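# An overview of the molecular structure
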Amino acid sequence: MERCGGVANTVDRYSVDMHHVLILAGGSGTRLWPLSRQGEPKQLLELIGGMSLLRMAYERVAGLVPDSNILVCTGASYADTVAKLLPEIPHQNILGEPVGRDSLNAVAWSAGIVADRDPDGVMAVVTADHIIRPAADFRVALQHGFDLASADPTALVTFGVVPTEPNTGFGYLHRGGRLKSDSQAHTVLEFVEKPALEMARKYLDSGEYWWNSGMFVWRASTFLDCLSQLKPQTRHQVDELVADPARIDEIYPQMEKVSVDIAVMEPASHGGCGVHVAAIPLSIEWYDVGSYESLAPHLRDDGEGNNVKGLTVTVDSAGNLLINNRPDAVLAVAGLHDMAVVTTDRATLVVPLSESQQVKALVAEVAARAGGRFA
């Protein structure tokens, strides 16, 4: 009998068919404007090696579960694009949110569908806005999560990325002792919001904290039972949605806008609904592509010290991110350093790479001053 991460791997074909994956592919990705804009969010753009982040997320889980057991939750206006990017996924498995209501509702709605189809179903929740390498190590960890949640109905499993720096852009997990039933997994004492730099350094030095990956595995019925205790109104609305999907435009906008971490995982880590939270370590390269500064290292190096995409020409320039999304034009810069220059058929952005987090605020100004069609 093979073992995976300390848990006996007794998974047969029947149990694999009971495993499901939800890919979260919502959000607008405004920090990557003007590449990403209304109707074209970052996870759907072919940014890296001609492949979208969504496609990369699918290929990381493909084969672990049948394609018929993979759900994608995205904006309703993106559903047709998602279907084209992922032709393997049954159309009824592409769940279109009429409005964004944060992660709890996307996860809860999907859990309701999984439980309705498969009362014993175990579901993983993964994201479509990260670069994860190597994919093989991630798949091993995800299978470990399936095994742990299958063996222990009281476990809400999450994944902690082993930190390499005191990053202030991520939430953290405070790690407790090892599980008695699984020596490779730990209890979670608390979820911590994004810290200030000094506190992030303390977390790193202590060795007791992992980055919060925002990815999970649990029995769908266990999650829904927690929802009944912690957010009963949301559970009621999920049940209504599953019973009558045609009411989504009526029900979904009324659901409480809150993250799954705040609504369920944080109280559950303190015993809030009679379960326990377990964390599996991810010793991987994990990148949240949330700004041009974080995107830059993943694009082609032009040999002059710039990361580029599209037709670009540089003179005496280095340390830049240069993206030309116009096939009929050239992007040329001289004497430029440490900047992001992005040009599309609708807008051109110029910003210091170190200030690229300001793009989100800039988009609001563009909409207000130049008109929403440019945002």
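Overview of the structure. Here the residue numbering is sequential within each chain, running from 1 through the sequence in written order. A pLDDT threshold of at least 70 governs which residues receive local features in this predicted model, and a stricter bar of 80 or more applies before side-chain atom pairs are shown or counted, although totals over entire chains, interfaces and linings include all residues. Just so you know, side-chain values use all the structure's heavy atoms and leave hydrogens and water out.

## Let's talk about the overall build of the protein chain
- Numbering of helices and strands starts at the N terminus; helices are DSSP runs of H or I of at least 4 residues and strands are runs of E of at least 2. The helix and strand tally for the protein chain stands at twelve helices and 20 strands.
- For 375 residues, the compact-globule estimate of 2.2 N^0.38 gives 21 Å, and the C-alpha radius of gyration of the protein chain, at 21 Å, lies within 12% of that figure.
- Its C-alpha atoms put the protein chain at 60 × 50 × 35 Å along the principal axes.
- Burial classes: relative accessible area under 20% of the type maximum marks a residue as buried, over 50% as exposed, and values in between as partly exposed (1.4 Å probe, protein chains only). Residue burial in the protein chain is summarised as follows: out of 375 residues, 53% are buried. When we talk radius of gyration, it's over C-alpha atoms, and the globule rule is simply 2.2 Å times the number of residues to the 0.38.

## What to know about the layout of surface pockets
- Computed over the protein atoms alone on a 1 Å grid, cavities are sets of points where a 1.4 Å probe fits but cannot get out and pockets are open sets with protein on both sides within 12 Å along at least five of seven lines; a residue lines them when it has an atom within 4 Å of a point. Grid points are joined across faces, edges and corners, and a volume is the space filled by probe spheres set on the points. Approximately 280 Å³ is the volume attributed to the second largest pocket.
- What lines the second largest pocket is a set of 15 residues, and nearest its centre among them are Gln92, Leu95, Trp109, Ile113 and Pro245.
- Going through the elements one at a time, helix H3 (79-85), strand S5 (94-97), helix H4 (102-117) and helix H8 (232-243) are the ones with two or more residues in the lining of the second largest pocket.
- Counting residues per element, the lining of the second largest pocket draws most heavily on H4, which supplies four residues.

## Concerning the sheet that holds strand S19 (residues 339-343)
- Strand order in this open sheet of five strands is S14-S15-S17-S19-S20, and the pairing throughout is mixed. Both outer strands of the open sheet, strand S14 (300-301) and strand S20 (348-352), are each paired with one neighbouring strand and no more. Should DSSP find at least two bridges between two strands, the strands are taken to pair.

## Let's talk about helix H5 (residues 135-151)
- Helices are assigned an expected span. That span is 1.5 Å times one less than the residue count. Helix length check: H5 (17 residues) gives 24 Å between terminal C-alpha atoms against 24 Å at 1.5 Å per residue, within 8%.
- By the burial criterion, the buried members of H5 are Phe138, Ala141, Leu142, Gln143, His144, Gly145, Phe146, Asp147, Leu148 and Ala149.

## Some thoughts on a positive patch on the surface
- Think of a patch as exposed residues, more than 30% relative accessible area, with no salt bridge, where like charges cluster within 9 Å and nonpolar side chains (Val, Leu, Ile, Met, Phe, Trp, Tyr) cluster within 5 Å. The Shrake-Rupley method, run with a 1.4 Å probe sphere, supplies the accessible areas, and residue values consider only the shown protein chains as cover. Salt bridges are identified by distance alone: a Lys or Arg side-chain nitrogen within 4 Å of an Asp or Glu carboxyl oxygen. His is not counted, nor are the chain ends; Lys and Arg add positive charge and Asp and Glu add negative charge. Every charge is mapped onto a representative atom, which is NZ of Lys, CZ of Arg, CG of Asp or CD of Glu. On the surface, Arg31, Lys194, Lys257 and Lys360 cluster together to form a positively charged patch.
- Tracing the backbone shows lysine 194 in the loop between strand S10 (186-192) and helix H6 (197-206).

## Section: the nonpolar core
- Residues Val21, Ile23, Leu54, Leu142 and Val217 are the most contacted members of the largest nonpolar core, which totals 50 residues.
- Sorting elements by how many residues they give to this core places H5 first, with six residues.
- The contact partners of valine 217, leaving out residues within four places of it in the chain, are Val122, Met123, Ala124, Leu142, Gly145, Phe146, Ala149, Ala155, Leu156, Val157 and Phe159.
- Working definition of a nonpolar core: buried Ala, Val, Leu, Ile, Met, Phe, Trp, Tyr and Cys residues. They are joined through side-chain atoms within 4.5 Å. One finds Leu71, Cys73, Val188 and Cys226 within the second-largest nonpolar core, a separate group that totals 44 residues. Residue contacts are defined here by distance: any two heavy atoms, one from each residue, within 4.5 Å place the two residues in contact.

## Thoughts on helix H10 (residues 260-269)
- Counting buried positions along H10 yields eight of ten residues, so the element is predominantly enclosed.
- Taken together, the buried positions of H10 are Val260, Asp261, Ala263, Val264, Met265, Glu266, Ala268 and Ser269.
- Against H4, strand S8 (155-161), S10, strand S11 (209-219), helix H7 (220-230) and strand S12 (276-282) lie the buried residues of H10.

## Comments concerning the environment of valine 342
- For valine 342, the position within the fold is in strand S19.
- Sequence separation of valine 342 and lysine 309 is 33 residues, and the distance between their C-alpha atoms is 9.4 Å.

## Overview of the packing of aromatic side chains
- Within 6.5 Å between ring centres, the rings of Phe, Tyr and Trp (the latter by its six-membered ring) count as paired, and their orientation is classed by plane angle as stacked under 30 degrees, edge-to-face over 60, tilted in between. In this structure the tally under the stated criterion is eight aromatic pairs.
- Ring centres 5.1 Å apart and planes at 55 degrees place the aromatic pair tyrosine 172 and tyrosine 203 in the tilted group. Of this pair, tyrosine 172 sits in strand S9 (residues 172-178) while tyrosine 203 sits in helix H6, and the two are 31 residues apart along the sequence. Pair check on accessibility: tyrosine 172 and tyrosine 203 agree, each one buried.
- Ring centres 6.2 Å apart and planes at 35 degrees place the aromatic pair tryptophan 211 and tryptophan 286 in the tilted group. Of this pair, tryptophan 211 sits in strand S11 while tryptophan 286 sits in strand S13 (residues 285-288), placing them 75 residues apart in sequence. Both residues of the pair, tryptophan 211 and tryptophan 286, count as buried.
- These aromatic residues form a ring-pair network of at least three members: Phe170, Trp211 and Trp286.
- Positioned above the aromatic ring of phenylalanine 138 is the side chain of arginine 60, whose terminal nitrogen or guanidinium carbon lies 5.9 Å from the ring centre. Both a distance and an angle decide whether a charge sits over a ring: NZ of Lys or CZ of Arg must be within 6 Å of the ring centre and within 35 degrees of the ring normal.

## As for unusual backbone geometry
- Here the amide bond leading from tryptophan 33 into proline 34 is cis, since omega sits at 5 degrees, within 30 degrees of zero.
- Within the secondary structure, proline 34 is located in the loop between strand S3 (19-25) and helix H2 (53-61).
- Following arginine 133, the chain continues to proline 134 via a peptide bond in cis, the omega torsion being -10 degrees.
- Locating proline 134 in the fold gives a position in the loop between strand S7 (130-133) and H5.
- Of note, the phi angle at aspartate 316 is positive, near 50 degrees, even though the residue is not glycine.
- By the element assignment, aspartate 316 lies in the loop between strand S16 (312-315) and strand S17 (321-324).

## Re the side chain of lysine 42
- Take lysine 42: it is sitting in the loop between S3 and H2.
- Salt bridges are absent for the buried lysine 42, whose nearest opposite-charge side chain, aspartate 129, sits at 4.2 Å.
- Each residue touching lysine 42, except ones within four places of it in the same chain, is listed here: Ser28, Gly29, Leu32, Ser36, Leu47, Leu53, Asp129, Asp288, Val289 and Gly290.

## What to know about the state of the cysteines
- Criterion for a disulfide: a pair of cysteine sulfur atoms within 2.5 Å. Taken as a whole, this structure holds one disulfide when the rule is applied.
- In this model, cysteine 226 is linked to cysteine 273 through a disulfide, with the two sulfur atoms separated by 2.3 Å. Sign of the S-S torsion, about 75 degrees for the bond between cysteine 226 and cysteine 273, identifies this disulfide as right-handed. Linking cysteine 226 in helix H7 with cysteine 273 in the loop between H10 and S12, this pair joins segments that are 47 residues apart in sequence. Accessibility classification places cysteine 226 together with cysteine 273 in one group, the buried group.

Coordinates in, geometry out; function isn't part of it.
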